[in-house]
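Okay, here's what each chain looks like letter by letter:
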Amino acid sequence: MRIKTWLGLLIVALLAGGFAFGGKRYVDSAKEEFAAAEEALPESAISAYFAHIREHDYDGIYEDSMIVNPHINSKEDYIARLEEIYEGVDTSKIEYAGLDNTDGSRDYKLYYDQQFLATLKLMKAADGSWMASTIFSGDLSYIIEVPTDVTITANGVAIGPEYMIQEEVTASNFTGLNDTSSAPKVNVYQLDNLLGAPVIEVTGQSGYGTLTDVLTGRIFVGKTVNDAELSQTMIDDAEIIAKWPAQEASLGQVAAVSVTTSDWYSRVSGVQNQWFTAHGTSSFSNQKAFNIIQQSEDSMVGYVTFDYYASNGEVSRTWNGGYQMSFLNVNGTWKIAGMAIDNELNPNKVTPLQN
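Here the structure is a predicted model, which means the values were calculated and not measured.

Asks: What should I look at first to understand the packing of aromatic side chains in this one?
Replies: To describe a pair of aromatic rings, you give the distance between the ring centres and the angle between the ring planes. Under the definition given, this model contains 11 aromatic pairs. Taken together, a centroid distance of 5.6 Å and an interplanar angle of 65 degrees make the contact between F284 and F306 edge-to-face. Of this pair, F284 sits in strand β13 (residues 281–296) while F306 is found in strand β14 (residues 299–311), placing the two residues 22 residues apart along the sequence. Summarising the burial analysis for this pair, F284 and F306 share the class buried. Ring plane angle 70 degrees and centroid distance 5.2 Å describe the contact between F306 and Y323, whose orientation is recorded as edge-to-face. Placement of the pair is F306 in strand β14 and Y323 in strand β15 (residues 316–330), with a sequence separation of 17 residues. Owing to a relative accessible area of 5%, F306 belongs among the buried residues under this scheme.

Asks: What is the right way to read the pattern of salt bridges from this model?
Replies: Two side chains bearing opposite charge may form a pair once their charged atoms approach each other closely. What the rule picks out here adds up to three salt bridges. The partner of R106 in a salt bridge is D100, and the shortest N-O contact between them spans 2.9 Å. The shortest N-O distance in the salt bridge between R218 and E145 comes to 2.8 Å. Of the two residues, R218 is situated in the loop between β11 (208–212) and β12 (219–224) and E145 in strand β5 (residues 140–147); the sequence distance between them amounts to 73 residues. The buried category is assigned to E145, whose relative accessible area is 1%.

Asks: Would you mind showing me how to read the nonpolar core here?
Replies: Where a protein is soluble and globular, its nonpolar side chains tend to be buried together. One finds M234, I241, V304, Y323, M325 and I336 to be the most contacted residues of the largest nonpolar core, which totals 30 residues. Those elements that provide at least two residues to this core are α5 (228–243), α7 (263–269), β13, β14, β15 and β16 (333–341). Residue contributions to this core peak at seven residues, all from α5. Look past the residues within four positions of M234 in its chain and what remains in contact with it is A289, I292, M300, G302, Y303, V304, M325 and F327.

Asks: In this structure, what is going on with helix α3 (residues 58–68)? I would like to understand it.
Replies: What sets the pattern is the α-helix's 3.6 residues per turn: residues three or four places apart point alike. Of the positions making up α3, those classed as buried are Y58, G60, I61, Y62, S65 and V68. Lining the buried residues of α3 we find α2 (42–54), α4 (75–86), β3 (115–124) and β4 (130–135).

Asks: Before we go on, may I ask you to explain the sheet that holds strand β2 (residues 106–112) in this structure?
Replies: Sheets are built from strands paired through backbone hydrogen bonds, the pairs being either parallel or antiparallel. Here four strands make up an open sheet; going across it, the order is β1-β2-β3-β4 and the pairing antiparallel. A strand with exactly one partner marks an edge of an open sheet, and here the two such strands are β1 (95–100) and β4. On average, each strand axis in the sheet is inclined to that of its neighbour by 25 degrees, with strand direction left out of account. For β3 and β4, the ladder comprises six bridges, and the chain directions are antiparallel. Counterpart to K121 in the pairing with β4 is S133. Packed onto the sheet, α2 meets β1, β2, β3 and β4 and runs at close to 60 degrees relative to β4. The strands touched by α4 within the sheet are β2, β3 and β4, with β3 carrying the most contacts at an inclination of about 130 degrees.

Asks: How should the sheet that holds strand β7 (residues 157–159) be read in this particular structure?
Replies: Ordered in space as β7-β6-β10, the three strands form an open sheet in which the pairing is antiparallel. Among the strands making up the open sheet, the edge pair consists of β7 and β10 (200–202). Each adjacent strand pair in this sheet contributes to an overall mean axis angle of 35 degrees, direction not counted. As paired elements, strand β6 (residues 152–154) and β10 share three bridges and run antiparallel to each other. Paired with A154 across the bridge in β10 is I200.

Asks: What exactly am I supposed to notice about α4 here?
Replies: Between its terminal C-alpha atoms α4 stretches 16 Å, which fits the 16 Å expected from 12 residues at 1.5 Å a residue. Within the span of α4, buried status applies to Y78, I79, L82, I85 and Y86. Looking down the long axis of α4, one finds its buried residues gathered within 125 degrees of arc, a one-sided arrangement. Exposed positions of α4 whose direction lies more than 90 degrees from the buried face are E76 and E84. Taken together, the buried residues of α4 touch α2, α3, β2, β3 and β4. Phi turns positive one or two residues past the end of α4, at G88, with a value near 75 degrees.

Rules behind the numbers
Residues numbered from 1 in each chain as written. Predicted model: local features only at pLDDT ≥ 70, side-chain atom pairs only at ≥ 80, totals over all residues. Heavy atoms only, no water. Phe/Tyr/Trp six-rings, centres within 6.5 Å; stacked < 30°, edge-to-face > 60°. Helix = DSSP H or I, 4+ residues; strand = E, 2+ residues; numbered from the N terminus. Buried < 20%, exposed > 50% of the residue type's maximum accessible area, 1.4 Å probe, protein only. Salt bridge = Lys/Arg side-chain N within 4 Å of Asp/Glu carboxyl O. Core = buried A, V, L, I, M, F, W, Y, C linked by side-chain atoms within 4.5 Å. Contact = heavy atoms within 4.5 Å. Pairing = 2+ DSSP bridges. Axes fitted to C-alpha atoms, helices over the stretch in contact; angles between N-to-C directions. Expected span 1.5 Å × (residues − 1). Arc of directions from axis to C-beta.

Quick look at the structure:
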C-alpha cells in the first residue's frame, strides 16, 4: 500500500517528535537523579551554606543550625557572629578539610587566606540530604538562679532539667548568712555555648525580671519590685552604710539595719574609719534604687547608686557610689543580708580616662 507524501511526512514528524520527547524525558530524569545523588553528598551542604553566606541569607543558616547542633543563642547574636566571621571573605576561595565523627556527623574546618575561619558540623537529615551548622569557638557560659516554683526560657528556648546543676539550694547572694533557713531557695542552671547574655523569661508568667550579680556574673531571677517605700528603704540603708566609714554613722546604726549574724556584717563592722578626714559639710544627691527583684516573698536584691559630697572647707570631694544590696525581711523589718560594692553601676562614675 502506498502512503501519500503528506501523510508520510506527518508520520515521520510525529515519530521524530516522539523520539525527541523521549530523549528530553531521559535527560530530565538523568538531571533529577544527578541532583539527588549530589544532594546526598556532604559537600552539597557546604555549597548550600556558602550560597547562604553570599546571599546574606543568615536566617536560613540559623534555622539549619537549630536542627544540626541545637543551641540557645538568639538569632541576633548568631547572625552578628556570622557577619563578623565572613566580612570581606570570598567564599569561592575558602578551603576546608573534613573529619568523620562517631555519631555519623562530619566536622569541617574552614580556612581563608591560610587563616582559620570556623568549624562546620554536617549532619544527614531523614531524607538523606546533608545540613550544615556553624560551631563557634570562644563561646560563653552563664549561671542562672531561678526560684524553685518557676521555670524559664532563654532566648525563647525552654530550659529543662538537663541544664540544671543544683536543685533547691540557697541563693548565692544569701549564703553568707549563719542561718539560711529563711533565705530564698533556687534551682541553678548552667547555659553553655552562648554568644552573648541570654534573654531570660519566666514561662507562662509576667512580672519577673533579672539582675546580674556584680561579683560573680550570675543571673538572678525574681519578681520585679515597683514599690516606692521599698526603694526608699534601700536608699536610706545605703546612706547609713556609706556614712559609717566617713564617721557620720555609728556601728550601732549599721547593726540596726543589718542581719548581724552574717559574713556581711562581720566584714563591715571591722572597717577602719580613722583614715577619713574630719569634715563639717556633707550631702547625698542623685540617690536611686533600681533593678529590684524578689527571689522570694521575704527577700529582695537590687542596685543603689548615689553621689556623696564631703568638704572640710579646704578640701572637697564627691564619691560616686554604687551598691548591690540583698535584704531579708526579719520579723517585719527589712535588713541587709549581703552587699557588694560596684561603683561602675553609677552613671556619674568618673573613669581614669576622664580625669
